[in-house]
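The primary structure of each chain is shown beneath.
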Amino acid sequence: MHTQRLTLTLTALASAGLLLTACGTESGAGSEGGSGGRSVESSGETGAALTGVRWNVESLTLGGKKHDAPDGAYLKIGEDGRAGGSFGCNSVGADVTIKDGTVEFGQPLTTKRACTDDGRMTFEKNALRALGEQKFTAKVAGDRMTLTTAKGDRVAFTSQPAEPDAPLTGTKWQVNSVGDARTTASLPKAVADKVHLTFEDGKVRGNLGCNDVTAKAEAKDGRITFGAPATTRKLCQGEAMTTERKLLKIFDGTARYEVKQGTLKITAADGTVIGANADREGSAKPAK
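**Q** Help me understand the overall build of the chain, please; the structure alone is not making it clear to me.
**A** Each helix and strand counted, the chain has 2 helices and 25 strands in total. The burial tally for the chain puts 47% of its 288 residues in the buried class. Surface accessibility of the chain: about 14,400 Å² in total, with carbon and sulfur atoms responsible for 48%.

**Q** Help me understand the state of the cysteines, please; the structure alone is not making it clear to me.
**A** Here, the word disulfide means a covalent bond between the sulfur atoms of two cysteines. Per the counting criterion, the structure on display carries 1 disulfide. Disulfide pairing places Cys210 opposite Cys236 at an S-S distance of 1.9 Å. Sign of the S-S torsion, about 85° for the bond between Cys210 and Cys236, identifies this disulfide as right-handed. Placement of Cys210 in the loop between strand 19 (203–207) and strand 20 (212–220) and of Cys236 in the loop between strand 22 (230–231) and helix 2 (238–247) is noted, with a sequence separation of 26 residues between them. Relative accessible area serves as the criterion here: at 4%, Cys210 is assigned to the buried category.

**Q** What exactly am I supposed to notice about unusual backbone geometry here?
**A** Its identity is not glycine, yet Asp201 carries a phi of approximately 55°, on the positive side. Tracing the backbone shows Asp201 in the loop between strand 18 (196–200) and strand 19. Its relative accessible area of 69% is what places Asp201 among the exposed residues. A positive phi is found at Asp221, a non-glycine position, where the angle reads about 55°. Its place among the elements puts Asp221 in the loop between strand 20 and strand 21 (223–226).

**Q** I'm lost on the pattern of salt bridges in this one. Help?
**A** When charged atoms on two side chains of opposite charge get close, those side chains can pair. Applying the stated criterion across every chain, the model contains 2 salt bridges. When the shortest N-O distance is used, the salt bridge between Arg144 and Glu58 registers 3.1 Å. Pair noted here: Arg144 is in strand 14 (residues 144–148) and Glu58 is in strand 4 (residues 54–62), with a separation of 86 residues, a long-range link. Look at Arg144 and you get partly exposed, because its relative accessible area is 44%.

**Q** I would appreciate a short explanation of the pairing of strand 20 in the present structure.
**A** Regular strands place side chains that alternate from one sheet face to the opposite one. Bridge count for strand 19 against strand 20 is 5 bridges, and the pairing is antiparallel. What sits directly across from Asn207, in strand 20, is Asp212. Where strand 19 folds back onto strand 20 in an antiparallel hairpin, the turn is made up of 4 residues, including Gly209, whose phi is positive at roughly 110°. Relative to strand 21, strand 20 runs antiparallel, the two sharing 4 bridges. Within strand 21, the residue paired with Ala219 across the bridge is Ile224. Between strand 20 and strand 21, which pair antiparallel and follow one another directly, the connecting turn spans 2 residues, one of which, Asp221, has a positive phi of 55°.

**Q** What exactly am I supposed to notice about helix 2 here?
**A** One full turn of an α-helix is made of 3.6 residues, so residues set three or four places apart face in the same direction. Listed in full, the buried residues belonging to helix 2 are Ala240, Met241, Thr243, Glu244 and Leu247. Viewed end-on, helix 2 has its buried residues packed into an arc of 160°, placing them on one side of the element. Here the buried face of helix 2 lies against strand 16 (172–179) and strand 25 (273–279).

Conventions adopted
- Residues numbered from 1 in each chain as written.
- Predicted model: local features only at pLDDT ≥ 70, side-chain atom pairs only at ≥ 80, totals over all residues.
- Heavy atoms only, no water.
- Helix = DSSP H or I, 4+ residues; strand = E, 2+ residues; numbered from the N terminus.
- Buried < 20%, exposed > 50% of the residue type's maximum accessible area, 1.4 Å probe, protein only.
- Areas by Shrake-Rupley, 256 points an atom, 1.4 Å probe, with all protein chains shown as cover.
- Disulfide = S-S within 2.5 Å.
- Salt bridge = Lys/Arg side-chain N within 4 Å of Asp/Glu carboxyl O.
- Pairing = 2+ DSSP bridges.
- Arc of directions from axis to C-beta.
- Contact = heavy atoms within 4.5 Å.

As structure tokens, this is what we get:
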């Protein structure tokens, strides 16, 4: 079988925090649409195409011990021979060769973000150890793929059809993380389900963990210009108030934003970074 050399370049991947590309956005991880027609032959059968598919990382089995992957870990190989993804915290890049049903990765390169979620960091460390310069036997069956080494280490994936970008306006955005360009942290459990924002009619409304908030918010060309926030006056203690103070920093002038499928990233003028997922069921109906 003809050897396909897939070179994973270091592109700007900071927005997604994402298994096989480094430093940048997913747009640098190869073509988003369609299959490149490249397939892996496994056990005498031609597997589903590897390229053009978003492969969610499901689990890693290392030394006989299975580790469940954190949310958001995925791999995508574009039809142009580039791949992009994450093990759940940092962006990762490597070279990979596909030949005769095997996939071989070169030494991976990663960004240097420090995630405060110990589970994500542990999984990433284990996955990088498994990935580094090893040859895997690939098996693709329907929407599942496994990569297995001669020692029995295995990475399991499931495919996910690409979903359209959620619109910024009219979508209820469930905030799940806050940090900066170098470090991000999930919201405390006490407020994790409470913090949300909805942009509509030139305003943003929501809850910051303690108080409700309303402010002017004009979005254009990847930027949101915020007005001064008006909040309710509840007094909260501990994590709720700490979270609210961090989130209030986005209302300081103009912030950059990026929507990618069901995720939203807002970067405030002072460098504060907020991540959110679209709550499609709880989103407002689009204006007629």
